[in-house]
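# Inside the fold
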Amino acid sequence: MRIDVHFTPTGLNPGDLNGKGVVVLDVLRATTTVITALANGAKEVIPAATSEEAVRLASNLEKDGVLLAGERKSVKIEGFALGNSPLEMTPEVVAGKTIVLATTNGTPALVASQGGDPVLVGAPANFAALTIRAREARAERGDLVIVCAGRERQFALEDAYTAGRLIKAVKKGLGKVELNDAAHASLVLTGAYDGWADAFAGTVAARQLVEANLSADVAFCAKPNRFGAVPRYAERRIT
């Protein structure tokens, strides 16, 4: 039994995660946004590594049923219908729609995780349900890989802290579980903060969101167990 953490998807190549259970985390904000959109009735979310790819993918779909969404450095991409805020993903806006999403960190991490089986989309927002599904994936596959989106190819505290919380929950009651160094470090982080709000408060991503008048997004992303579903990424779509 083994749990590995990647603090960023850098270095992951096609096929590296084939047949492994995978959880992707970009809690501020892409994975929280995806979870919220689907919980509020979106038909599916299609992640794109770049805004250009998002436009191309959307052009091949029925226009009336598609919403382009995404951001670069917390700013909505010009010409897109939505940004990358979970608060934008209301039932009135997203119900029945296919959302093509491109973000700075989260969607490239999802694309890099193709080949995992399953690839689960996680955040504090669905943490209890995610723990159950991650335990099932680890039991079925033997390995569990947690891919943190990070921030601009660098370590992101909010993702690593969430990874540590997930490792702690998944391995509870199990026997010996082998961990890589990043997984060990993530576990250490869980003892340094009093919950997600505390862990997120001083992060670079949170400060950037506050400066962009998006402090409500930080509070939303830090509240656990808003939703009971765990989206799955397969065949280039999240459902």
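Residues numbered from 1 in each chain as written. Predicted model: local features only at pLDDT ≥ 70, side-chain atom pairs only at ≥ 80, totals over all residues. Heavy atoms only, no water.

A separate point is the pairing of strand E4 (residues 66-72). Summarising burial for E4: six of the seven residues are buried, a large majority. Where E4 meets strand E5 (residues 75-76), two bridges bridge the pair, whose relative direction is antiparallel. Counted as the bridge partner of arginine 72 is valine 75 from E5. (Buried < 20%, exposed > 50% of the residue type's maximum accessible area, 1.4 Å probe, protein only. Helix = DSSP H or I, 4+ residues; strand = E, 2+ residues; numbered from the N terminus. Pairing = 2+ DSSP bridges.)

The subject of this paragraph is the nonpolar core. Membership of the largest hydrophobic core comes to 64 residues, with the highest contact counts inside it found for Val23, Ile99 and Ile146. Sequence-distant contacts of valine 23, that is, excluding residues within four places in its chain, are made with Leu120, Gly122, Leu130, Ala134, Leu144, Val145, Ile146, Val147 and Leu166. (Core = buried A, V, L, I, M, F, W, Y, C linked by side-chain atoms within 4.5 Å. Contact = heavy atoms within 4.5 Å.)

The strand order across the open sheet built from five strands is E7-E2-E8-E1-E9, with neighbouring strands paired in parallel fashion. Looking along the sheet, the strands with just one partner apiece sit at the ends: strand E7 (119-122) and strand E9 (178-179). For strand E2 (residues 21-25) and strand E8 (residues 143-148), the ladder comprises five bridges, and the chain directions are parallel. Directly across from valine 22, in E8, lies its bridge partner valine 145. Strands E2 and E7 of the sheet are contacted by helix H1 (residues 30-39), whose axis makes an angle of about 95° with E7. (Axes fitted to C-alpha atoms, helices over the stretch in contact; angles between N-to-C directions.)

Take unusual backbone geometry next. Here leucine 28 and arginine 29 are connected by a cis peptide whose omega angle stands at 25°. Mapped onto the elements, arginine 29 comes out in the loop between E2 and H1. In this structure, the amide linkage connecting aspartate 117 to the following residue, proline 118, adopts the cis form with an omega of 0°. Tracing the chain through its elements places proline 118 in the loop between helix H4 (106-112) and E7. At lysine 73, a position not held by glycine, the phi torsion is positive, near 55°.

A few words now on the packing of aromatic side chains. Under the definition given, this model contains four aromatic pairs. Look at phenylalanine 127 and tryptophan 196: their rings are 5.0 Å apart centre to centre, the planes differ by 70°, and that puts the pair in the edge-to-face class. Taken as a pair, phenylalanine 127 in helix H5 (residues 127-141) and tryptophan 196 in helix H8 (residues 196-201) lie far apart in primary sequence, 69 residues in all. On the numbers, 6.2 Å between centres and 90° between planes, the contact of tyrosine 161 with tryptophan 196 is edge-to-face. With tyrosine 161 in helix H6 (residues 157-171) and tryptophan 196 in helix H8, this residue pair connects regions lying 35 residues apart in the sequence. Among the residues examined, tyrosine 161 registers a relative accessible area of 1% and is labelled buried. Among the aromatic residues, those joined into a ring-pair cluster are Phe127, Tyr161, Tyr193 and Trp196. (Phe/Tyr/Trp six-rings, centres within 6.5 Å; stacked < 30°, edge-to-face > 60°.)

Keep in mind these numbers describe shape, not what the thing actually does.
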